[in-house]
Amino acid sequence: PTREGQRPRLCPPGGGGGARLPGSRWGLAPQSRARPWHAACERGSREAWSSPRGDSAKGRRRLDGEPGPTGRTRGSEILFGIAPCSLALSQSRRDLFRLFLKESGGSQRLVLSEFVLQATARGVPVHRVKRRELDALCRGRVHQGVCLEATPLHFKSLEEAENPDLGDEESPNRQLIWLVLEQIQDPMNLGALLRSAYFLGVDRVVTSQRNSCPLTPTVSKASSGAMEVFDVYSTDDLRSFLKAKAAEGWEVVGTVSKPEAVENVPVISCLEFRWNKPIIIVIGSEGDGLSLETQLLCHRMLAIPPGRVLHPGIESLNVSVATGILLHSICSQKLRHRD
């Protein structure tokens, strides 16, 4: 069910589930069978906006070139929500076209006035529109009275990244942690992963290009805007990347839902892990976890010990929740060492 006046979601939110399906043997969070990324879930973020039913004629006129406050610039997308729009306005990572604010702000009047100041400072036109127009712009998602038309963000290539200096034995730079994502397909999960990685101090996030969710407005909203300030890299050859980092002295650590042997790779509890060199934490897809080929490149596998005997079917955690627990367990060691 949806709230009165709110358009239903076009695709189900990520992060639910937890039942193990056949074939979901490895990985942190086999919620549901992984599906190839399909455009339907995020079509609104990559295509020109079309009006909801009842405004089709008006929408056609605007898209055909007649002036209108909610017509779309070719190649743009619509960010929605207070945090993503505010952070996008404060950064210089996107080209910004127009800011859309709800006509009657009510209790949000002060927040919306801050948006006007931000937009004015960046030279971005501000349009006051009715709520139903904001609903149409972001296709019924939760916009909190704010939408921003901007160019998309894309993954950075690893060639654009500077190689960190590992330093000597005493250098604090030796405690580097990178998060590698193999075929994360759900935009809600990707956003939550980026939010946790940013909050907990991960130095870099790298994702596989194949069958991975792109950086969409839904990802930015789920990340609470962390996507707007945190670079995300991608590689089209994840296994070669992991081999190269291992040869440079990094420890490659995989993740598994149960503490059991995985193809001759030792499995330990995350509570037992000791961070004494640069590490890469590799997270598998929602459905099947890490691929066998990636597992074999890991030096060790980490598991989260449960707090009780678990019923069959609810033996694992959502991938973003599990990753947050693992990252906190590891990153807290950096804080203790600083003390």
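Residues numbered from 1 in each chain as written. Predicted model: local features only at pLDDT ≥ 70, side-chain atom pairs only at ≥ 80, totals over all residues. Heavy atoms only, no water.

*Asks:* I keep staring at the pairing of strand β2 (residues 96–102) and nothing clicks. Help me out?
*Replies:* Within a regular strand, side chains alternate between the sheet's two faces. Within β2, five of the seven residues are buried, which leaves the element mostly enclosed by the surrounding structure. Pairing of β2 with strand β4 (residues 146–150), which is carried by five bridges, proceeds in the antiparallel orientation. From the neighbouring strand, L99 faces β4, where its bridge partner is L148. Alignment of β2 against strand β3 (residues 126–129), held across four bridges, turns out to be parallel. Counted as the bridge partner of F100 is H127 from β3. (Buried < 20%, exposed > 50% of the residue type's maximum accessible area, 1.4 Å probe, protein only. Helix = DSSP H or I, 4+ residues; strand = E, 2+ residues; numbered from the N terminus. Pairing = 2+ DSSP bridges.)

*Asks:* Honestly, helix α8 (residues 238–247) in this entry has me stumped. Any pointers?
*Replies:* What sets the pattern is the α-helix's 3.6 residues per turn: residues three or four places apart point alike. Inspection of α8 places L238, F241, L242 and K245 among the buried residues, and these make up the whole buried set. The arc that holds every buried residue of α8, seen down its axis, measures 95°, which confines them to one face. In this structure, α8 carries K243 and A247 as exposed residues pointing more than 90 degrees from its buried face. For α8, the secondary structure elements touched by its buried residues are β6 (177–181), β7 (204–208), β8 (232–235), β9 (251–255), β11 (279–283) and α9 (292–295). Positioned one or two residues after α8, G249 has a phi angle of 105°, which is positive. (Arc of directions from axis to C-beta. Contact = heavy atoms within 4.5 Å.)

*Asks:* I would appreciate a short explanation of the pairing of β11 in the present structure.
*Replies:* Along β11, five of the five residues are buried, which leaves the element largely enclosed by surrounding structure. Residues I279, I281 and I283 line one face of β11 and the alternating positions I280 and V282 line the opposite face, and both faces are buried. Relative to β11, β6 is paired through five bridges, and the arrangement is parallel. Looking at the pairing, I177 lines up with I279 of β11.

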